[in-house]
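One letter stands for each residue in the lines below.
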Amino acid sequence: MVTVGIIGAGRIGKVHVESISTKVANARIKMLADPFIREETAQWAKKMGVAHVTKDYREVLADPEIDAVLICSSTDTHSPISVEAIRAGKHVFCEKPIDHDVAKIREVMSALEEHPVKYQVGFNRRFDHNFAAVRAAVDAGKIGEIHIVKVTSRDPEPPGMEYVKVSGGMFLDMTIHDFDMVRYLTGCNATEVYVEAAVLVDPAIGEAGDVDTAVITLKMENGAIAVIDNSRKAAYGYDQRVEVFGSRGMAAVSNDTASSAVISSAEGVTGEKPLHFFLERYMDAYAKELQYFVDAIENGTDTPLGVVDGLEPVRMGLAAKKSLAEHRPVKIAEIG
Ligand SMILES: NC(=O)c1ccc[n+]([C@@H]2O[C@H](COP(=O)([O-])OP(=O)(O)OC[C@H]3O[C@@H](n4cnc5c(N)ncnc54)[C@H](O)[C@@H]3O)[C@@H](O)[C@H]2O)c1
């Protein structure tokens, strides 16, 4: 049995409380820490089996019974709390992104060299049943040499403006999952990024210095070309699709829907919209990523993705920002 402490009781912190409590049999939550935790969240956590709620995450790090921490607090806290937790000898599951600053992620890497605990980053989409099936087809050689990867990733609605202002921009907040997906599907790093982007959804996003619509092309180390298209608002829901095309074939997935019913009538033929957003679409993936993390601790094996998998998408995101600002292709090597 692995004993965990969860730091951050916001949207994703609560998802992980629920997953550990209800779906990961070999883990239990001893403590949940959040300086701004609401009374109703604390009551809910107790009902979910959390033994103790605190406002101070250092209480989690100081508890000798706690084997591992899940860092689910605001992005600017991820790398400093990672370093503290690693030095305290705790295994760490850290939500994405580890940091917006490559130098800070390298500090986490140095801490891990000194204290080699397990470290996993929250790129949950790798654990989605659809994307895992595409990756399995690639691994089985059914696609052959990969030539083209396409990722469509469109949200049903933009986040609130307060969030947009501190998110680090669309590439580091949203596209970062797609950068990870391209690495996951191709099994290699990107070498170059080029971006076309615009503000087509909400002018307030542009006034905050961000974009809401983008097409990003990437050159990969294995020669493949990848293209990601993003929108902060798809009128029909959360649009999450990938395609991998290669010398021997192609693998593609469609969106998950509440049912696969297709209704044909005199008016036309209709089906369900995609599941609304990430909480609907990825609940199973969130539980599965934690099951892998806990099993790695129990069995002394590697986590399925580590700190380098947290670093590379941030470098890709920073290269994308530079490409947009300078309107040119940017080599990943230009980023630290
Ligand atoms: N993997 C995913 O699909 C996914 C989805 C959503 C969010 N996230 C990531 O998770 C992080 C949190 O996002 P969210 O949507 O849950 O945000 P949120 O604002 O709902 O929650 C963040 C929580 O962290 C708390 N917090 C801030 N500083 C803290 C500290 N020092 N110690 C403990 N708690 C602290 C806040 O009080 C808040 O309750 C972000 O970095 C985000 O990028 C990942």
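The shown structure was predicted, so the numbers you read here are calculated from the model rather than taken from an experiment.

1. A few points about the overall build of the chain
Line of reasoning, step 1. In terms of helices and strands, the chain carries 13 helices and 15 strands.
Line of reasoning, step 2. What you see for the chain is a C-alpha radius of gyration of 20 Å, in line with the 20 Å of a compact globule of 336 residues.
Line of reasoning, step 3. Seen along its three principal axes, the alpha-carbon backbone of the chain occupies a region of about 55 × 55 × 45 Å.
Line of reasoning, step 4. Taking all 336 residues of the chain together, the buried fraction comes to 44%.
Line of reasoning, step 5. In the chain, 71% of the contacts between residues at least 6 apart in sequence involve partners at least 24 apart.

2. Some words on the domain arrangement of the chain
Line of reasoning, step 1. Along its sequence, the chain is organised into domain 1 (2-117) and domain 2 (126-277 + 313-334).
Line of reasoning, step 2. Relative placement of domain 1 and domain 2: their C-alpha centres are 28 Å apart.
Line of reasoning, step 3. Residue-level contacts link seven residues of domain 1 with five residues of domain 2.

3. As for the site of the ligand
Line of reasoning, step 1. Close to the ligand lie 22 residues; Gly8, Gly10, Arg11, Ser73 and Glu95 are nearest.
Line of reasoning, step 2. Broken down by element, the residue count for the shell around the ligand peaks at three residues, all from helix H1 (residues 11-22).

4. A closer look at the nonpolar core
Line of reasoning, step 1. Formed by 89 residues in total, the largest nonpolar core has its most connected members in Val4, Ile7, Leu32, Val69, Val92, Val182 and Val193.
Line of reasoning, step 2. Those residues in contact with Val182 that sit more than four places away from it in its chain are Val149, Val151, Ala190, Leu218, Ala226 and Ile228.

5. Comments concerning helix H12 (residues 283-299)
Line of reasoning, step 1. In this model H12 runs 24 Å from its N-terminal to its C-terminal C-alpha over 17 residues, within 8% of the 24 Å that 1.5 Å per residue would give.
Line of reasoning, step 2. Looking only at H12, the buried set comprises Ala285, Tyr286, Lys288, Glu289, Leu290, Phe293, Val294, Ala296 and Ile297.
Line of reasoning, step 3. Buried residues belonging to H12 abut strand E1 (2-7), H1, strand E2 (27-33), strand E4 (68-71), strand E5 (91-94) and strand E6 (119-121).
Line of reasoning, step 4. Within two residues after H12, Gly300 carries a phi angle of roughly 70°, on the positive side.

6. Quick look at the sheet that holds E5
Line of reasoning, step 1. Pairing within the open sheet is parallel, and its six strands lie in the order E3-E2-E1-E4-E5-E6. Of all the strands in the sheet, just strand E3 (52-54) and E6 have a single pairing partner and so form its edges. Pairwise comparison of adjacent strand axes, ignoring direction, gives a mean angle of 20° for this sheet.
Line of reasoning, step 2. Across four bridges, E1 lies against E4 in parallel orientation. By the bridge assignment, Ile6 is partnered in E4 with Leu70.
Line of reasoning, step 3. Docked against the sheet, helix H4 (residues 78-87) engages E1, E4 and E5, running at close to 165° with respect to E5.

7. Here's the deal with the environment of Phe245
Line of reasoning, step 1. Its place among the elements puts Phe245 in strand E11 (residues 239-246).
Line of reasoning, step 2. A residue is classified by how many C-beta atoms lie within 10 Å of it, and Phe245, with 18 of them, is partly exposed.
Line of reasoning, step 3. Sequence-wise, Phe245 and Leu61 are 184 residues apart; in three dimensions their C-alpha atoms are separated by 46 Å.
Line of reasoning, step 4. Residues within four places of Phe245 in sequence aside, it is in contact with His147, Ile148 and Met250.

8. What about unusual backbone geometry?
For residues that are not glycine, phi is negative in most cases, and the peptide bond is trans in most cases.
Line of reasoning, step 1. Here the bond from Lys96 into Pro97 is cis, since omega is -20°, no more than 30 degrees from zero.
Line of reasoning, step 2. If you trace the backbone, Pro97 turns up in the loop between E5 and helix H5 (102-114).
Line of reasoning, step 3. A positive phi angle is found at His327, which is not glycine, with a value near 50°.
Line of reasoning, step 4. Its location among the elements puts His327 in the loop between helix H13 (307-326) and strand E15 (330-331).
Line of reasoning, step 5. C-beta crowding within 10 Å serves as the criterion here: with 9 such atoms nearby, His327 is assigned to the exposed category.

9. Digging into the pairing of strand E8 (residues 190-198)
Looking down a regular strand, the side chains alternate between one sheet face and the other.
Line of reasoning, step 1. Bridge count for E8 against strand E9 (residues 213-220) is eight bridges, and the pairing is antiparallel. Counterpart to Ala198 in the pairing with E9 is Thr213.
Line of reasoning, step 2. Across two bridges, the pairing between E8 and E15 is antiparallel. Paired with Glu192 across the strands is Lys331, a residue of E15.

10. Remarks on the pairing of E11
Line of reasoning, step 1. Bridge count for strand E7 (residues 146-154) against E11 is eight bridges, and the pairing is antiparallel. Each bridged residue has a counterpart across the sheet, and for Thr152 the counterpart in E11 is Arg241.
Line of reasoning, step 2. One ladder, built from three bridges, connects E11 with strand E12 (residues 250-252); its direction is antiparallel. The residue of E12 that forms the bridge with Val244 is Ala251.
Line of reasoning, step 3. Where E11 folds back on E12, the antiparallel hairpin that results is connected by three residues.

So, how was this worked out
Residues numbered from 1 in each chain as written. Predicted model: local features only at pLDDT ≥ 70, side-chain atom pairs only at ≥ 80, totals over all residues. Helix = DSSP H or I, 4+ residues; strand = E, 2+ residues; numbered from the N terminus. Rg over C-alpha atoms; globule rule 2.2 N^0.38 Å. Buried ≥ 20, exposed ≤ 12 C-beta atoms within 10 Å, placed from the backbone. Contact = placed C-beta atoms within 7 Å. Domains from an automatic or database assignment. Near = placed C-beta within 6 Å. Core = buried A, V, L, I, M, F, W, Y, C linked by C-beta atoms within 7 Å. Expected span 1.5 Å × (residues − 1). Pairing = 2+ DSSP bridges. Axes fitted to C-alpha atoms, helices over the stretch in contact; angles between N-to-C directions.

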